[in-house]
Amino acid sequence: MTDTVLPPATPDRQPSFLATATSILERFPYGPLALLARLSIAGVFWRSGQTKLDGWRVSETAVDLFRDEYRLPLVDPALAATAATIAEHLFPVLLVLGLATRLSSLALLAMTLVIEILVYPDAWPTHGTWAVCLLLLIKHGAGTVSLDYLVARRRGA
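Residues numbered from 1 in each chain as written. Predicted model: local features only at pLDDT ≥ 70, side-chain atom pairs only at ≥ 80, totals over all residues. Heavy atoms only, no water.

Asks: In this structure, what is going on with the nonpolar core? I would like to understand it.
Replies: Nonpolar side chains in soluble globular proteins tend to be buried together. Formed by 26 residues in total, the largest nonpolar core has its most connected members in Ile 41, Phe 45, Phe 66, Leu 95, Leu 108, Met 111 and Leu 137. Of all the elements in the fold, those that place two or more residues in this core are helix H2 (30-50), helix H3 (60-70), helix H4 (77-97), helix H5 (101-119) and helix H6 (124-140). Element by element, the count of residues in this core is highest for H4, at 7 residues. If sequence neighbours within four positions are ignored, Ile 41 has contacts with Leu 95, Trp 130, Cys 133, Leu 134 and Leu 137. (Core = buried A, V, L, I, M, F, W, Y, C linked by side-chain atoms within 4.5 Å. Buried < 20%, exposed > 50% of the residue type's maximum accessible area, 1.4 Å probe, protein only. Helix = DSSP H or I, 4+ residues; strand = E, 2+ residues; numbered from the N terminus. Contact = heavy atoms within 4.5 Å.)

Printed below as a string of structure tokens:
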């Protein structure tokens, strides 16, 4: 991120509204933004994982969905349904905690790409939104409101 240098304010040359607004927005801390990204994308995947459960087991409906609608190549539908259900619960919990954020985001981004490319290619606006949240977290990490941050501080990193 580059620092915006505002011209000095003089009576005849006030900083423009746009420059002032940009300067204010650039001071917004990353931590709350990362927390919002983590909670938002975690909610999407968690809710999807919940639809695949029947009690503590992967539902037959989920297996049928993978067999009849998703039709992933080279993967057994029962295995795919189980793996997706585990991933849609494990990685969102890690994101909410802000623990292993980059790894969790990378796993969910891979899942998003599989969904976009092989299952619902016309849903790119939705998947693009998911990808942006995940890419932001992959690039910049979990932010200051996270266990990742606490672990890094404790290690002195």
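Asks: What should I look at first to understand the pattern of salt bridges in this one?
Replies: Where charged atoms from two side chains of opposite charge approach closely, those side chains can pair. Overall, the coordinates contain 2 salt bridges when judged by the stated rule. Where Lys 52 meets Glu 88, a salt bridge forms, and the shortest distance between an N and an O atom there is 2.9 Å. Pair noted here: Lys 52 is in the loop between H2 and strand E1 (53-54) and Glu 88 is in helix H4, with a separation of 36 residues, a long-range link. Glu 88 gets classed as buried once you look at its relative accessible area, which sits at 3%. Taking the shortest distance from any N to any O, the salt bridge between Arg 67 and Asp 64 comes out at 2.7 Å. One end of the pair, Arg 67, and the other, Asp 64, are both in helix H3, 3 residues apart, so they sit about a helical turn from each other. Owing to a relative accessible area of 31%, Asp 64 belongs among the partly exposed residues under this scheme. (Salt bridge = Lys/Arg side-chain N within 4 Å of Asp/Glu carboxyl O.)

Asks: Hey, could you run me through the side chain of His 127 in this one?
Replies: Structurally, His 127 is set in helix H6. Once residues lying within four places of it in the same chain are set aside, the contact partners of His 127 are Thr 112, Ile 115, Glu 116 and Tyr 120.

Asks: For this particular structure, what's the right way to read a nonpolar patch on the surface?
Replies: Taken together, Trp 46, Val 93, Leu 97, Leu 99, Leu 147, Tyr 149, Leu 150 and Val 151 make up a surface patch of nonpolar side chains, about 630 Å² in accessible area. Counting residues per element, the ones that place at least two in the nonpolar patch are H4 and helix H7 (147-155). Along the polypeptide, Leu 99 turns up in the loop between H4 and H5. (Patch = residues over 30% accessible without salt bridge, like charges linked within 9 Å, V, L, I, M, F, W, Y side chains within 5 Å. Areas by Shrake-Rupley, 256 points an atom, 1.4 Å probe, with all protein chains shown as cover.)

Asks: Where do I start with the packing of aromatic side chains in this structure?
Replies: Aromatic ring pairs are defined here through the distance separating the ring centres and the angle between the ring planes. Throughout the structure, instances matching the rule amount to 3 aromatic pairs. With centroids separated by 6.0 Å and ring planes inclined at 85°, the aromatic side chains of Tyr 70 and Tyr 120 adopt a geometry described as edge-to-face. With Tyr 70 in helix H3 and Tyr 120 in the loop between H5 and H6, this pair connects stretches of sequence that are 50 residues apart. Aromatic rings pair up to connect Phe 66, Tyr 70 and Tyr 120 into one cluster. (Phe/Tyr/Trp six-rings, centres within 6.5 Å; stacked < 30°, edge-to-face > 60°.)

Asks: How should I be thinking about H2 in this particular structure?
Replies: Think of an α-helix as 3.6 residues a turn; residues three or four steps apart then line up on the same face. Over its 21 residues, H2 extends 30 Å from the first C-alpha to the last, a length consistent with the 30 Å expected when each residue adds 1.5 Å. Within the sequence span of H2, burial applies to Gly 31, Ala 34, Ala 37, Arg 38, Ile 41, Ala 42, Phe 45 and Gly 49. Buried-residue contacts for H2 involve E1, H4, H5 and H6. (Expected span 1.5 Å × (residues − 1).)

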